[in-house]
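Examining the three-dimensional arrangement
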Amino acid sequence: PINVTLDDKYIMQNCTRKSTLEIDCIVPEGYGFKFLLKVKIDTFWSENTKPLFAYLPPRYISLVPNNGPIGGDTKLTISGSSFGPPGSSAVSVKIGGVPVLNLTQVSHTELRMLAPPGTGQQKNVTVTIQGVTSTPLGLMYSYVVLSLVSQTPRYSKLVGGGTMKICGQDFG
């Protein structure tokens with residue numbers, strides 16, 4: 001029998017000996033880098049001492065939506081690849097360096113979360129899997145700028161005390 005593992009963490013599937021120089025295996029889903037590849041044939045183990053294998057770093061393609069109110073809680077979806085197996089606790093997402101809320105890993109290609117409260121435009125979005133951070137592809141998140149539309153009344157008595165109603169957008 002042939003057994004092939006990555007740091008004894010992942011077991012390669014369907015390994016077959018093609019010749020005395022070649023073994024073919026199917027790589028299991030996973031995440032990370034600097035894995036030692038170990039091969040066992042019958043009772044003999046290989047003696048590799050260098051990292052020989054790495055999963056690709058996370059890569060994202062889209063962030064929907066790419067803006068929201070300063071109060072946060074906007075439902076976001078990141079689509080991409082190499083997010084690791086679903087349910088992995090090794091996944092983190094940050095917007096402008098601030099961790100997102102309620103992160104759920106749907107699949108290797110989809111993450112869902114809530115935007116944290118914040119301010120500013122064009123905040124970098126990063127996805128990190130077991131210490132490997134995504135390469136930014138220009139995807140940014142912006143917090144919608146407060147805007148005032150109207151106030152009532154427009155004037156007040158000198159002694160003050162009256163109530164003013166202010167209308168606008170994105171008060172949080």
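Residues numbered from 1 in each chain as written. Predicted model: local features only at pLDDT ≥ 70, side-chain atom pairs only at ≥ 80, totals over all residues. Heavy atoms only, no water.

1. With respect to the overall build of the chain
The number of helices and strands found in the chain is 0 helices and 18 strands. The C-alpha atoms of the chain give a radius of gyration of 25 Å, which is well past the 16 Å a tight globule of 172 residues would have. Across its three principal directions, the C-alpha atoms of the chain cover 95 × 25 × 20 Å. A buried classification covers 28% of the 172 residues belonging to the chain. In the chain, 51% of the contacts between residues at least 6 apart in sequence involve partners at least 24 apart. Accessible surface, the chain as shown: approximately 11,000 Å² in total, 56% of it carbon and sulfur. Side chains of the chain give 15 positive and 10 negative charges; the mean places of these two sets differ by 15 Å. (Helix = DSSP H or I, 4+ residues; strand = E, 2+ residues; numbered from the N terminus. Rg over C-alpha atoms; globule rule 2.2 N^0.38 Å. Buried < 20%, exposed > 50% of the residue type's maximum accessible area, 1.4 Å probe, protein only. Contact = heavy atoms within 4.5 Å. Areas by Shrake-Rupley, 256 points an atom, 1.4 Å probe, with all protein chains shown as cover. Lys, Arg positive; Asp, Glu negative; His and termini not counted. Charge placed at Lys NZ, Arg CZ, Asp CG, Glu CD.)

2. Observations concerning the pattern of salt bridges
According to the stated counting rule, one finds 3 salt bridges in the structure shown. With a shortest N-O distance of 3.0 Å, Asp-8 and Lys-38 are connected by a salt bridge. Taken as a pair, Asp-8 in the loop between strand E1 (2–6) and strand E2 (10–11) and Lys-38 in strand E5 (residues 37–41) lie far apart in primary sequence, 30 residues in all. Across the pair Lys-18 and Asp-24 runs a salt bridge whose closest N-O atoms are separated by 4.0 Å. Among the residues examined, Lys-18 registers a relative accessible area of 52% and is labelled exposed. (Salt bridge = Lys/Arg side-chain N within 4 Å of Asp/Glu carboxyl O.)

3. Considerations on the sheet that holds strand E12 (residues 101–107)
Within a sheet, neighbouring strands are paired by backbone hydrogen bonds and run either parallel or antiparallel to one another. Here 4 strands make up an open sheet; going across it, the order is E7-E9-E13-E12 and the pairing antiparallel. Every other strand in the sheet has two partners, leaving strand E7 (59–64) and E12 as the edge strands with one partner each. Here the average twist between neighbouring strands, direction ignored, is 20°. Two elements, E12 and strand E13 (residues 110–114), share 4 bridges in a ladder whose sense is antiparallel. Paired with Thr-104 across the bridge in E13 is Arg-112. (Pairing = 2+ DSSP bridges. Axes fitted to C-alpha atoms, helices over the stretch in contact; angles between N-to-C directions.)

4. A word on the pairing of strand E10 (residues 91–95)
Strand residues, when the strand is regular, have side chains that alternate between the two faces of the sheet. Burial along E10 is one-sided: Val-91, Val-93 and Ile-95 are buried, while Ser-92 and Lys-94, pointing the other way, are not. Pairing of E10 with strand E14 (residues 123–129) involves 5 bridges; the strand directions are antiparallel. When the bridges of E14 are listed, Lys-94 appears paired with Thr-126. In terms of strand pairing, E10 meets strand E11 (residues 98–99) through 2 bridges, oriented antiparallel. For Ile-95, the partnering residue across the bridge sits in E11 and is Val-98. As consecutive antiparallel partners, E10 and E11 are separated by 2 residues, and within that stretch Gly-96 has a phi angle of approximately 60°, a positive value.

So yeah, pure geometry; function would need other evidence.
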